[in-house]
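Single-letter residue listing:
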Amino acid sequence: MPHGWYQGPSVMTKPSILTVDDVPQVSAAVARDLRSRYGPSSESCGRRRALKHWKSNYLGFPKGLSSSDLTQRAMAQVSRFGAEVVLANDVVGFESRGQVRAVLFGSRDIEARALIIATGVSYRRLEAEGLETLSGRGVYYGANASEAGQCEGDDVNVVGAANSAGQAALNLARFAKRVVLVVRSGTLEATMSSYLIQRITSSPTIEVRYRSEVRAVRGDGHLKFLEITDRDTGLTEEVASSWLFIFIGASPRTSWLGDDVVRDSRGFVVTGHDLLNAGHPQRWPLTRAPFALETSVPGVFAAGDVQLDSMKRVASAVGEGAMSVYLVHRYLGTI
Ligand SMILES: Cc1cc2nc3c(=O)[nH]c(=O)nc-3n(C[C@H](O)[C@H](O)[C@H](O)COP(=O)(O)OP(=O)(O)OC[C@H]3O[C@@H](n4cnc5c(N)ncnc54)[C@H](O)[C@@H]3O)c2cc1C
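As the structure is a computational prediction, the values presented were derived from the model and not from experiment.

Caption draft 1: Structural context of the packing of helix α5 (residues 163–173) against helix α6 (residues 194–201). Running from amino to carboxyl end, α5 crosses α6 at an angle of 35°, the nearest separation of the two axes being 10 Å. When the axes of α5 and α6 are compared, the crossing they make is left-handed. On α6, the residues touching N163, G166, Q167, A169 and L170 of α5 are L196, R199 and I200. Across the contact of α5 with α6, the residue classes tally to four nonpolar, three polar and one charged.

Caption draft 2: Main features of the pairing of strand β15 (residues 212–219). Relative to strand β16 (residues 223–230), β15 runs antiparallel, the two sharing seven bridges. Counterpart to S212 in the pairing with β16 is D230.

Caption draft 3: Representation of the sheet that holds β15 within the structure. With antiparallel pairing, the three strands of this open sheet are ordered in space as β15-β16-β17. Pairing within the sheet leaves two strands with one partner each, and these edge strands are β15 and β17 (236–240). Going from strand to strand, the sheet's axes swing by 25° on average, the running direction of each strand aside.

Caption draft 4: Looking closely at the nonpolar core. Counting residues in hydrophobic clusters, the biggest one holds 37 residues, and the most contacted among them are V158, A169, L172, V179, L181, L244 and F245. For this core, the secondary-structure elements that each account for two or more residues are β11 (139–141), β12 (155–159), α5, β13 (178–182), β14 (206–209), β15, β16 and β18 (243–246). It is α5 that contributes the most residues to this core, five residues altogether. Look past the residues within four positions of A169 in its chain and what remains in contact with it is V158, V179, L181, I200 and I206. The next biggest cluster of nonpolar side chains, apart from the first, holds 34 residues, and it includes I117, L293, F301 and Y331.

Caption draft 5: Broad picture of the sheet that holds β13. Read across the sheet, five strands follow the order β11-β18-β12-β13-β14 without closing on themselves; strand pairing throughout is parallel. The outermost strands of the open sheet, each flanked by one partner alone, are β11 and β14. Ignoring strand direction, the axes of neighbouring strands in this sheet form an average angle of 20°. As judged from the four bridges shared by β12 and β18, these two strands associate in the parallel manner. Bridge assignment links V156 to a residue of β18, and that residue is W243.

Caption draft 6: Summary view of the pairing of β18. Taking every second residue as pointing to the same face, both faces of β18 are buried, with W243 and F245 on one and L244 and I246 on the other. Inspection of the sheet shows β11 paired to β18 by three bridges, in the parallel sense. Paired with Y141 across the strands is I246, a residue of β18.

Caption draft 7: Quick look at helix α2 (residues 67–80). An ideal rise of 1.5 Å per residue puts 20 Å on 14 residues; α2 measures up with 20 Å between its terminal C-alpha atoms. Every buried residue belonging to α2 is among L70, A74, M75 and V78, and all of these are buried. One side of α2 carries all its buried residues, which in axial view fall inside an arc of 140°. Exposed positions of α2 whose direction lies more than 90 degrees from the buried face are A76 and R80.

Criteria and cut-off values
- Residues numbered from 1 in each chain as written.
- Predicted model: local features only at pLDDT ≥ 70, side-chain atom pairs only at ≥ 80, totals over all residues.
- Axes fitted to C-alpha atoms, helices over the stretch in contact; angles between N-to-C directions.
- Helix = DSSP H or I, 4+ residues; strand = E, 2+ residues; numbered from the N terminus.
- Left-handed = near helix turned anticlockwise from the far one by under 90°.
- Contact = placed C-beta atoms within 7 Å.
- Nonpolar A, V, L, I, M, F, W, Y, C, P; charged D, E, K, R; others polar.
- Pairing = 2+ DSSP bridges.
- Core = buried A, V, L, I, M, F, W, Y, C linked by C-beta atoms within 7 Å.
- Buried ≥ 20, exposed ≤ 12 C-beta atoms within 10 Å, placed from the backbone.
- Expected span 1.5 Å × (residues − 1).
- Arc of directions from axis to C-beta.

Structure below.
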């Protein structure tokens, strides 16, 4: 079972399942299930990136853990369960060849009977001094209900001007003493739905700070201060706050998929019932309904952040990884 840096696929036999991701969240769950079901000829392809982020909210790690630590643990687990790992290779294309599903790496490819797409999203990064160090320690990209609860009674800052930022501000305002929405432009009208603007502007605990930017963050182990600059006057104010949530956009890494795999207008992969319900029924080729995480190409599944309306959390990505293997097993029973 070889694995290592800068290594191409061995492809001595056709694997039953192929996952496209790095080692992160989904593939640990996938690999656990591979060997018992299909033997050791299952492969996971991915490229390696700098993993500096801190996961502060993942069940079983009460003190949090770094993404690199999580990746190393996943690698050890993947290896123990016998999956072949192809590192430092970008998958650049996908093809259906009859019932065979193939991914392409430049001059080489791997064929399999099923494929799980888990290539995640790229978050647009906020350029502010000190941000990388405090990421996961008071500074978060995105927020869900559990993080909102941690801010009870505190001042919270949210960066962003689209619906995701507006929804987060309203959600956080249920717990926080005060929420400040930091917006670069002079209006929300062009980027946010009017019902959200109406709720935000009528909330006594939400303040919108227009024409403003977070330029720096500081803290010792956890966020303590932000520097917010007025874009018109150039004046910078230091604000005491332990929470900063950033919603400035995320795009799914799906440009390598061909036209056969249906995505929404932002590039997120459409799966399961959404394929039939969201205006794509003509793209589903079989008489049976698609399985829950199945894409418009039978036998190709999507798990984790890359999927439309996913939760953008480790636990859900891992859960969907495990679920997609179960569904692959059911799919293999149909061919
Ligand atoms: C700063 C930050 C902090 C976060 N903190 C938390 C937290 O505390 N708790 C929590 O639950 N969630 C947190 N999240 C969210 C969590 O990281 C994601 O929800 C989770 O990692 C999604 O897993 P995934 O497997 O879908 O995608 P990813 O973990 O993004 O993995 C996808 C992998 O696929 C690789 N890849 C992409 N394209 C290709 C290609 N063409 N060929 C080969 N490989 C490719 C990528 O390099 C990447 O490594 C955080 C996210 C960020 C950005």
